[in-house]
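Listed below are the residues making up each chain.
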Amino acid sequence: MSKTDQSNSTSKAQSWKEYPFLLLKGFLMGSADIVPGVSGGTMALIVGIYTRLIDAIKSFDTDFFKQLFTLRLKEAFEGVDWRFMGVLLAGMFAAVLFFTKVVPLQVYMFTDPELIYGLFFGLIVGSIVILINAIENFGWIHALLILVGAVIGFWVVTLVPADTPDSSLYVFLSGSVAICAMILPGISGSYILLILRKYDYILSQIGSLGTADTSMALFALAPFVAGAVCGLMLFSRLLSWLLNRYEAKTLAVLIGFLIGSLYVIWPYQNRMYKEIVTKKKVVEYTSPKVVELRNNPPSENRPEYQRIGEVQNPEATSDELKKVVLLTVKKKLIKSDPYIPYATDKGARTPHFWDGIIGIIIGLLMVLGLDSLRAKG
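Thoughts on the nonpolar core
Alright, step 1. Judged by nonpolar contacts, the single largest core of 76 residues is most densely connected at Met29, Met43, Tyr50, Leu53 and Phe84.
Alright, step 2. Val290, Leu293, Val324 and Leu326 belong to the second largest nonpolar core, which has six residues in total.

Some details on the side chain of Thr250
Alright, step 1. For Thr250, the position within the fold is in helix H15 (residues 247-265).
Alright, step 2. The exposure class of Thr250 is buried, given its relative accessible area of 9%.
Alright, step 3. In this structure, Thr250 is in contact with Leu242 and Leu243, ignoring residues within four places of it in sequence.

Brief notes about H15
Alright, step 1. Across its 19 residues, H15 extends 26 Å between first and last C-alpha, which sits within 8% of the 27 Å expected from 1.5 Å per residue.
Alright, step 2. In terms of residue burial, H15 counts as a mostly covered element, since 14 of its 19 residues are buried.

Some details on the packing of aromatic side chains
Alright, step 1. Scanning all chains against the criterion turns up 14 aromatic pairs.
Alright, step 2. Pairing Phe121 with Trp266 gives two aromatic rings, centres 5.2 Å apart and planes at 75 degrees, and the pair type is edge-to-face. You can see Phe121 sitting in helix H9 (residues 113-134) and its partner Trp266 sitting in the loop between H15 and strand E1 (269-284), a full 145 residues away along the chain.
Alright, step 3. The buried category is assigned to Phe121, whose relative accessible area is 13%.

As for the sheet that holds E1
What links the strands of a sheet is backbone hydrogen bonding, and the strands pair in either a parallel or an antiparallel sense.
Alright, step 1. Reading across the sheet, the three strands line up as E1-E3-E2 and stay open at both edges, with antiparallel pairing between neighbours. Each edge of the open sheet is held by one strand with a lone partner, namely E1 and strand E2 (304-311). Taken over all neighbouring pairs, the strand axes of this sheet differ in orientation by 30 degrees on average, direction set aside.
Alright, step 2. With 15 bridges joining them, E1 and strand E3 (residues 323-338) adopt antiparallel strand pairing. In the sheet register, Val283 faces E3, and the bridge partner there is Val324.
Alright, step 3. Those strands touched by helix H16 (residues 288-295) are E1, E2 and E3, and its axis lies near 100 degrees from that of E2.

Observations concerning a nonpolar patch on the surface
Alright, step 1. There is a patch of nonpolar side chains on the surface, built from Trp140, Leu144, Leu147, Val148, Val151 and Ile152 and spanning about 610 Å² of accessible area.
Alright, step 2. By the secondary structure assignment, Leu144 is in helix H10 (residues 140-157).

Thoughts on the packing of H10 against H15
Alright, step 1. Packing of H10 against H15 brings their axes to within 6 Å, and their N-to-C directions diverge by 40 degrees. Taken as axis vectors, H10 and H15 run oblique relative to one another. Where H10 crosses over H15, the handedness of that crossing is right-handed. Contacts between H10 and H15 involve Ile141, His142, Leu145, Ile146, Gly149, Ala150, Ile152, Gly153, Phe154 and Val157 from the former and Ala248, Lys249, Ala252, Val253, Ile255, Gly256, Phe257, Ile259, Gly260, Ser261, Tyr263 and Val264 from the latter.
Alright, step 2. Partitioned by chemical class, the residues of the contact of H10 with H15 number 15 nonpolar, six polar and one charged.

Topic: the pattern of salt bridges
Alright, step 1. Evaluation of the coordinates by the stated rule reveals five salt bridges.
Alright, step 2. Among the salt bridges present, the one from Arg52 reaches Asp81, with a minimum N-O distance of 3.3 Å. Of this pair, Arg52 sits in helix H4 (residues 50-59) while Asp81 sits in the loop between helix H6 (73-78) and helix H7 (82-102), and the two are 29 residues apart along the sequence. An identical accessibility class is assigned to Arg52 and Asp81; each is buried.
Alright, step 3. Taking the shortest distance from any N to any O, the salt bridge between Lys323 and Glu284 comes out at 2.5 Å. In this pair, Lys323 is assigned in strand E3 and Glu284 in strand E1, connecting sequence segments 39 residues apart.

Focus on the layout of surface pockets
Alright, step 1. Estimated volume of the largest pocket: approximately 1200 Å³.
Alright, step 2. As for the largest pocket, its lining consists of 37 residues, of which Leu89, Met92, Ile179, Phe224 and Ala228 are closest to the centre.
Alright, step 3. Elements supplying a minimum of two residues to the lining of the largest pocket: helix H2 (19-34), helix H3 (40-46), H4, H7, helix H11 (168-182), helix H12 (189-195), helix H13 (199-208) and helix H14 (214-245).
Alright, step 4. Considering each element in turn, the lining of the largest pocket owes the most residues, nine residues, to H14.
Alright, step 5. Split into classes, the residues belonging to the lining of the largest pocket amount to 31 nonpolar, five polar and one charged.

A short note on unusual backbone geometry
Alright, step 1. One non-glycine residue, Leu71, lies in positive phi territory at about 65 degrees.
Alright, step 2. The class for Leu71 is exposed, based on a relative accessible area of 68%.
Alright, step 3. You will see that Asn137, though not glycine, has its phi angle at about 55 degrees, which is positive.
Alright, step 4. Tracing the backbone through its elements, the reader meets Asn137 in the loop between H9 and H10.

Cut-off values and rules
- Residues numbered from 1 in each chain as written.
- Predicted model: local features only at pLDDT ≥ 70, side-chain atom pairs only at ≥ 80, totals over all residues.
- Heavy atoms only, no water.
- Core = buried A, V, L, I, M, F, W, Y, C linked by side-chain atoms within 4.5 Å.
- Buried < 20%, exposed > 50% of the residue type's maximum accessible area, 1.4 Å probe, protein only.
- Helix = DSSP H or I, 4+ residues; strand = E, 2+ residues; numbered from the N terminus.
- Contact = heavy atoms within 4.5 Å.
- Expected span 1.5 Å × (residues − 1).
- Phe/Tyr/Trp six-rings, centres within 6.5 Å; stacked < 30°, edge-to-face > 60°.
- Pairing = 2+ DSSP bridges.
- Axes fitted to C-alpha atoms, helices over the stretch in contact; angles between N-to-C directions.
- Patch = residues over 30% accessible without salt bridge, like charges linked within 9 Å, V, L, I, M, F, W, Y side chains within 5 Å.
- Areas by Shrake-Rupley, 256 points an atom, 1.4 Å probe, with all protein chains shown as cover.
- Salt bridge = Lys/Arg side-chain N within 4 Å of Asp/Glu carboxyl O.
- Parallel < 35°, antiparallel > 145°, perpendicular 65-115°, else oblique.
- Left-handed = near helix turned anticlockwise from the far one by under 90°.
- Nonpolar A, V, L, I, M, F, W, Y, C, P; charged D, E, K, R; others polar.
- 1 Å grid on protein atoms, 1.4 Å probe; cavity = no way out; pocket = protein on both sides within 12 Å on 5 of 7 lines; lining within 4 Å.
- Points joined across faces, edges and corners; volume = space filled by probe spheres on them.

Written as structure tokens, this is what we have:
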């Protein structure tokens, strides 16, 4: 067994002392899953609960659901690590709500991308070193597997996004594929959703929860959740089998995935976005929102913003009689090209150079804290 999960795999028994740590680890996993290019599985591997997570997911098998549906609840829950999963999922759900409602991380990815991506870049680089050290009797076969994993990871994260439908079946399939990537270190479920053109769609539906559009959002998210559950149940069994029989070699491939993902996490990128008008609404030219936008033009450096469109009746004799189109615009990342600051033509002038450096340093320091957290269990 590698050092990565030694402190967590000895027993499934829960204690109240463990809950705060599990909640924090779940929060870190949820935070990572929101960022395209960063995987919740990466965080699970870093904080030392990866093997236990896969085994816990695997424990929810057909016997569990049979016992659950026949109301043999005690027998059903005795065979699964439900406390571990419950606390972990609570932390992940809290992170999703926090970074979509309170601190919109997707906004900071547009306004301060060097800092945000630098943070995760430093976090992953530090974790790669720690995880390589966790492989006992490291040899050439492990180095080769790391290289193979890096090539696969690089290929996945550099796929070009393509247009996709919003049908329930496609959303179901997107959930199935994305959840598999979410539990694979180095391959981000969020980035898979971005490739499938469902990242903004799913995140906007989550953001609509608690608003007047809650019922529509729940209806739209239902096939995604169903697909995620199906994908998770099937894929976790494969991972569990590999970890139980070839743990060191599997860990080497997963470390390769981490290395391959660094290409899209590198903070210095020339990012290209496509603007898509998602809503059009005809309003009064003198309405408060239009007046606000006229006096304070919106920043377009955001994932979503509103702007004023064309006036519907410019021949009107006064502003009070005019009608104008209010547009809601979303920006989607379609391409990113990394560059080296001050070493290439693209990076000759890097206005946010130090933001990236600070983010990397903070990420590296966080690894030390996370490694200490892993040791505490």
